Amino acid sequence: TCRALNPHGTANTTCNLKIQEPPTLEYEPEAKDTKLTVNSSWKLVVKYSGFPIPTVSWTRDKQPLSSSKHMLVRIDDDMSTITVHSLVREDSGSFTINVENEAGSETVTFNLKVMEKP
């Protein structure tokens, strides 16, 4: 609240200051293009920040992605992970994370290629 006073009277005004920070993503650069062999493990870790706390969503080949018996997708307050313990060739694809809040959004795509052992 701000108050001004002079011989002619008093004036008051009140406002709310809303501070926002657009989302940002932090990840290992080499994670953007990963090549692994069948039966190996894969763990993708992406940290994010922003205010208010961003909403997080994942897609795989442009389709919504969620956890399954084979693949664990975890979303916490400041990081998200995808974990697969025994890769199969069908796990290959493009995995996209999108973080969004009132101040903006950021999106990054990670490509995974699973190959047969030589």
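A quick note: this is a predicted structure, and the numbers were derived from the prediction, not measured.

(A) Just the side chain of Asp91, in detail. Looking at the secondary structure, you find Asp91 in the loop between strand S9 (79-84) and strand S10 (93-101). For the buried Asp91, which has no salt bridge, the nearest side chain bearing the opposite charge is Arg60, at an N-O separation of 4.6 Å. A distance of 2.7 Å separates polar atoms of two side chains, one belonging to Asp91 and the other to His70. The contacts of Asp91, once residues within four sequence positions are left out, are Arg60, His70, Met71, Val84, Ser86, Leu112 and Val114.

(B) Summary view of the sheet that holds strand S6 (residues 55-60). Strand order in the open sheet formed by 5 strands is S4-S11-S10-S6-S7, and the pairing between neighbours is mixed. With partners counted over all chains shown, the strands left at the sheet margins are strand S4 (33-37) and strand S7 (63-64), one partner each.

(C) Up close: the side chain of Asn101. As for its position among the elements, Asn101 is in strand S10. Within the structure, the side chain of Asn101 is placed 2.8 Å from the backbone nitrogen of Ala103, a separation counted as a polar contact. In contact with Asn101, not counting residues within four places along its chain, are Glu21, Pro22, Pro23, Gly50, Phe51, Pro52 and Pro54.

(D) Inspection of the confidence of the model for the chain at higher detail. In the predicted model, the chain carries a mean pLDDT of 94, and the fraction of residues at 70 or more is 100%. Of all helices and strands in the chain, the one with the weakest mean pLDDT is strand S1 (residues 2-6) (87), whereas S10 scores best (98).

(E) Just the environment of Gly104, in detail. Inspection of the secondary structure puts Gly104 in strand S11 (residues 104-115). Sequence-distant contacts of Gly104, defined by excluding residues within four places in its chain, comprise Pro23 and Val99.

(F) Inspection of the sheet that holds strand S3 (residues 21-26) at higher detail. Strand order in the open sheet formed by 4 strands is S3-S5-S9-S8, and the pairing between neighbours is antiparallel. At either margin of the open sheet sits one strand with a lone partner, and together these are S3 and strand S8 (71-75). Recorded for the sheet is a direction-independent mean angle of 15° between the axes of neighbouring strands. As paired elements, strand S5 (residues 42-51) and S9 share 6 bridges and run antiparallel to each other. The partner of Lys47 across the bridge, within S9, is Met79.

Thresholds applied
Residues numbered from 1 in each chain as written. Predicted model: local features only at pLDDT ≥ 70, side-chain atom pairs only at ≥ 80, totals over all residues. Heavy atoms only, no water. Helix = DSSP H or I, 4+ residues; strand = E, 2+ residues; numbered from the N terminus. Buried < 20%, exposed > 50% of the residue type's maximum accessible area, 1.4 Å probe, protein only. Lys, Arg positive; Asp, Glu negative; His and termini not counted. Salt bridge = Lys/Arg side-chain N within 4 Å of Asp/Glu carboxyl O. Polar contact = N/O pair within 3.5 Å; in protein donor to acceptor, adjacent residues only side chain to side chain. Contact = heavy atoms within 4.5 Å. Pairing = 2+ DSSP bridges. pLDDT = per-residue confidence, 0-100. Axes fitted to C-alpha atoms, helices over the stretch in contact; angles between N-to-C directions.

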